[in-house]
Amino acid sequence: MSARTILFQGGRIVDPSQGLDGVLDLLVVSGKVAKVGKGLEAPENARVVSCEARLVLPGLVDVHVHLREPGAEHKETIASGARAAVAGGFTSICAMPNTDPVIDSPATVGFVAAAGREAGLARVYPVGAISVGQRGEQLTEIGELVEAGAVAITDDGSPVMDSGLMRMALEYSRAFDIPVADHPEDMGLSRGGVMNEGLVSARLGLQGKPNASEDVHIARDLLVAELTGGHIHLQHVSTRLGVDLIRRAKARGVRVTAEATPHHLLLTETSVEGYRTDAKMNPPLRTEADRAAVEEGFLDGTLDTLATDHAPHHYDEKEQAFDDAPFGIVGLETALGLLLTHFVEAGKLDLLALVERMSLNPARAFGLKAGTLADGAPGDVTVVDPELEWTVDPTAFHSKSRNTPFKGQVLRGRAVLTVVAGRVVHEL
Amino acid sequence: MNRTASSLGKDLVGIEGLSADQIVSILDTAEPFKEISERRIKKVPVLRGKTIVNLFLEPSTRTRISFEFAEKRLSADTVNITATGSSVVKGETLVDTARNLEAMRIDMVVIRHGSSGAARFLAERIPSNVVNAGDGSHEHPTQALLDLLTIRDHFGKIEGLKVCIIGDILHSRVARSNIFGLLKLGAEVAVCGPMTLLPTGIDALGVHVFRRVEEAIEWANVVNVLRLQLERMKAGFVPSLREYNRIYGVSTARLKKAGPDFLVLHPGPMNRGVEIDSDVADGPHSVILRQVTNGVAVRMAVLYLLAGGMPEQAEAAKQGDVG
């Protein structure tokens, strides 16, 4: 019997792919799910993990992380990001291509995949660029990127401003059955903005990005997706109208999936008060009405995917005047605790729905073999202690970066054991 | 250090964080300091032995010189650091600049910076007193204080006056500081300018918005005319300078609608023939040069108070003439 054989005994198994939510055993043999049931016997040499009072989930999937390698390894490497992922309960992560160089060739896609395998922690899936150099001019060799291992394409970090190029990407990508992910932002409308445009920006004297800069682009993407029949995946939605546009597009059958991030679900523009650069992100934190709409869209499944937009930055880059600091926060190590505390424990969302949005849906959106504990599925499992209270302490992060606005928050619920292909990659 | 309730605390980063009492005590402290600038030997030993760094990381002439005069008239030792020729152009970050200043054991920093929040950023990181001499589009507190002093000099009060700020409100730190200060002291405040140059949400700060400059002038006791920053035109905020002058320029013809007791302020530098016509700038309603004179007194008052001086002892402090 291989070391990749584990019996998870007596945990509360929550697997939306099978509609499962009950106290059961889960057996992983040779890195694959062998069986879920009651009173399972442990094979010889299997590790037996007692999961009493624990949640046993299909490993979490984050389709939107920035790993900064190649090019900015002082912020994060593929290995450190993968380490942060498993510490946060994520077993599969999709690495955005806005690195230096940009992930726009089979060679760079291959590099990310290989470095991910070498790290041997979370599964790291490369995402290729839509346009060469992310310059928004010429399509990358999408077919070759997919052959090299890319699971999606995006110019994230920047939007695709040219609607014609977006049309080509959505049409061309259909042959490969991958989503085209887009960072929705009309750069003309957000010109120079560093936070949400509104009362707070007026008072602080900071240039704002209006909701319309996102809404216009979401509307454009939905219409072009409808035109082409391609799969558009809208990243980090932050506006109330944006949520509504997606809801209506889904109702008329447009192939769209969409993300909510923990920070847009939980914070508003007031977090920027005092020029807190840890609250500087793109899209910006918006008003309470927007936050509430993002929450509503997340609860009703319009925003079907929870993604962290994990965006590590070195501390001295955030330790600057607000205008000069980069956008983004880290998210891999806080997402599960934040969602368990503020959504599940708060009674807004049941566990089955949470796991759907953090595992099953993102896996489906990006066509990953993940998000399920069905027989024969990869043995990627996250064991959570739902009662464990912990305080967000950035100095204890496995990520190389510390930039989080959630520092000091007391959360309840944490991944205590993360298993990828039957191998324990994180244990608290 | 013992301080009265109306003392300023460690820093002056903005008007928004001040109480009405604190604003009034700065203005009251500035009154006796005005006289120092009228003397043959314009120097008192109030800040003798204090070292002040004027850290001007964005171009400025009049504000820097005004601070320098204020510092020298109070006998402080000053060093000027400007963007060109400083290590900042070599890539030094603001936090490193702050640490270096701290290591040199200076007493005060007067900072001008292109980013909103930069003064506060510095103030939170060094023990020296920090004075904001303009941060991005955020605040320019001493400009607002000198505007308030100039208005109070003329009307004997601020409360109940109607003040309209005309021009590029969106990018103006002067506008924000003025709005906060005037409202705290009981004035009615309005803004007027092209809609492209008014920030979204400005009315939520408690100001009226006039779309037509004629209506603003008819309503106001005071207009504070802001410079149209010429780069704004290139960015497409206004179609042309000519049109700006035609629609929003403060001209003698438009002042015919003004009341008899009417003031025109401008923080300078002026674009004559753009936001303000020369005969208005040089005309009977203009107090633009008075603002410049008051600027030195207000800055002396701020430095004196931050150094631990008491408003009620300002009169006595200025008696220690040296020279």
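Residues numbered from 1 in each chain as written. Chains lettered and ligands numbered in written order. Predicted model: local features only at pLDDT ≥ 70, side-chain atom pairs only at ≥ 80, totals over all residues. Heavy atoms only, no water.

**Q** Before we move on, can you summarise the overall build of chain B with the specific residues and values?
**A** Within chain B, the regular secondary structure consists of 13 helices and nine strands. In terms of overall dimensions, chain B is globule-like: its C-alpha atoms have a radius of gyration of 19 Å, near the 20 Å expected for 323 residues. Taken along its principal axes, the extent of the C-alpha atoms in chain B is 50 × 45 × 35 Å. Taking all 323 residues of chain B together, the buried fraction comes to 59%. (Helix = DSSP H or I, 4+ residues; strand = E, 2+ residues; numbered from the N terminus. Rg over C-alpha atoms; globule rule 2.2 N^0.38 Å. Buried < 20%, exposed > 50% of the residue type's maximum accessible area, 1.4 Å probe, protein only.)

**Q** If you had to explain the packing of helix H6 (residues 211-228) of chain A against helix H7 (residues 240-251) of chain A to someone new, which residues and values would you point to?
**A** Helices that pack against each other are described as a pair by the angle of their axes relative to one another and the distance between those axes. Residue and element names in this part refer to chain A. Contact geometry for H6 and H7: axes closest at 8 Å, N-to-C directions at 15 degrees. When the interaxial angle is binned, H6 and H7 end up roughly parallel. For H6 against H7, the interelement crossing comes out right-handed. Residues Asn211, Asp215, Ile218, Ala219 and Leu222 of H6 form the contact with H7, whose own contacting residues are Arg240, Leu241, Gly242, Leu245, Ile246 and Ala249. Of the residues contributing to the contact of H6 with H7, the split by class is seven nonpolar, two polar and two charged. (Axes fitted to C-alpha atoms, helices over the stretch in contact; angles between N-to-C directions. Parallel < 35°, antiparallel > 145°, perpendicular 65-115°, else oblique. Left-handed = near helix turned anticlockwise from the far one by under 90°. Contact = heavy atoms within 4.5 Å. Nonpolar A, V, L, I, M, F, W, Y, C, P; charged D, E, K, R; others polar.)

**Q** How would you sum up the pattern of salt bridges? Please name residues and give values.
**A** Opposite charge on two side chains permits pairing when their charged atoms draw close. All names here are of chain B. Across all of its chains, the model carries 43 salt bridges over all chains by this definition. Arg272 is the salt-bridge partner of Asp282, the closest N and O atoms lying 2.9 Å from each other. Residue Asp282 is located in the loop between helix H11 (278-281) and helix H12 (288-306), and its partner Arg272 is located in the loop between strand S9 (263-265) and H11; the two are separated by ten residues in the primary sequence. A network of salt bridges, in which partner residues are shared, links Asp28, Glu31, Lys34, Arg152 and Asp153. (Salt bridge = Lys/Arg side-chain N within 4 Å of Asp/Glu carboxyl O.)

**Q** Please provide a residue-by-residue account of the packing of helix H2 (residues 62-73) of chain B against H12(B), values included.
**A** All names here are of chain B. In contact at an axis separation of 8 Å, H2 and H12 are set at 60 degrees when each is read in the N-to-C sense. Here H2 is positioned oblique relative to H12, judged by the angle of their axes. Classified by chirality, the crossing of H12 by H2 is right-handed. For the pair H2 and H12, contact is made by Thr63, Ser66, Phe67, Phe69, Ala70, Glu71 and Arg73 and by Gly295, Val296, Arg299, Met300 and Leu303, respectively. Classifying every residue of the contact of H2 with H12 gives six nonpolar, three polar and three charged.

**Q** Report on the pairing of strand S4 (residues 129-135) of chain B, specifying residues and quantitative values.
**A** Residues and elements named next belong to chain B. For S4, the buried fraction is high: seven of the seven residues fall into the buried class. When strand S3 (residues 108-113) meets S4, the two strands line up parallel, connected through five bridges. Each bridged residue has a counterpart across the sheet, and for His113 the counterpart in S4 is Asp135. Taking the sense of rotation as the criterion, the β-α-β connection linking S3, helix H4 (residues 118-123) and S4 turns out right-handed. (Pairing = 2+ DSSP bridges. Right-handed = clockwise from strand over helix to strand, strands pointing away.)

**Q** Describe the nonpolar core, naming the residues involved and giving the relevant values.
**A** By size, the foremost hydrophobic cluster in this structure holds 90 residues, and its most contacted members are Ile93(A), Leu222(A), Leu234(A), Ile246(A), Leu339(A) and Met358(A). Looking at this core, the element that brings in the most residues is helix H11 (residues 335-344) of chain A, giving six residues. In contact with Ile93(A), other than residues within four places in its own chain, are Asp62(A), Val65(A), Leu67(A), Gly81(A), Ala82(A), Ala85(A), Ala122(A), Arg123(A), Val124(A), Tyr125(A) and Leu332(A). Counting residues in hydrophobic clusters, the runner-up holds 65 residues, among them Ile15(B), Ile23(B), Ala144(B) and Leu198(B). (Core = buried A, V, L, I, M, F, W, Y, C linked by side-chain atoms within 4.5 Å.)

**Q** Describe the pairing of strand S6 (residues 60-65) of chain A, listing the residues and the values that go with them.
**A** Residue and element names in this part refer to chain A. With six of six residues buried, S6 lies mostly within the body of the structure. Where S6 and strand S7 (residues 90-95) come together, four bridges link them in parallel fashion. The residue of S7 that forms the bridge with Leu60 is Phe90. For the crossover from S6 across helix H1 (residues 78-87) to S7, the handedness is right-handed.

**Q** So what about the sheet that holds S6(A)? Which residues, and what values?
**A** Residue and element names in this part refer to chain A. Overall, parallel pairing links the three strands, which are arranged S6-S7-S8 in an open sheet. Pairing within the sheet leaves two strands with one partner each, and these edge strands are S6 and strand S8 (123-126). On average, each strand axis in the sheet is inclined to that of its neighbour by 20 degrees, with strand direction left out of account. Packed on one face of the sheet, H1 meets S7 and S8 and runs near 140 degrees to S7. Taken strand by strand, helix H12 (residues 351-365) contacts S6 and S7, and its axis lies near 60 degrees from that of S6.

**Q** Account for the sheet that holds strand S10 (residues 180-182) of chain A, with residues named and values stated.
**A** Residue and element names in this part refer to chain A. Pairing in this open sheet of five strands is parallel, and the strands run S9-S10-S13-S14-S15 from one edge to the other. The strands lining the two open edges of the sheet, one partner per strand, are strand S9 (153-154) and strand S15 (305-306). In the packing of H6 onto the sheet, contacts are made with S10, strand S13 (232-234) and strand S14 (256-260), and the angle to S13 comes to roughly 165 degrees.

**Q** Quick one: what's the story with the interface of chain A and chain B, residue by residue and with numbers?
**A** Opposite the 19 residues of chain A that make contact, chain B presents 24 residues. With both sides pooled, the region where chain A packs onto chain B buries about 1700 Å², and carbon together with sulfur makes up 52% of that total. Residue Arg125(B) is joined to Glu319(A) by a salt bridge in which the shortest nitrogen-to-oxygen separation is 2.8 Å. On the surface where chain A and chain B come into contact, there are eight residue pairs in polar contact (both at pLDDT 80 or more). Partitioning the side of chain A that touches chain B into residue classes produces seven nonpolar, six polar and six charged. (Buried area = accessible area lost by both parts, 1.4 Å probe. Polar contact = N/O pair within 3.5 Å; in protein donor to acceptor, adjacent residues only side chain to side chain.)

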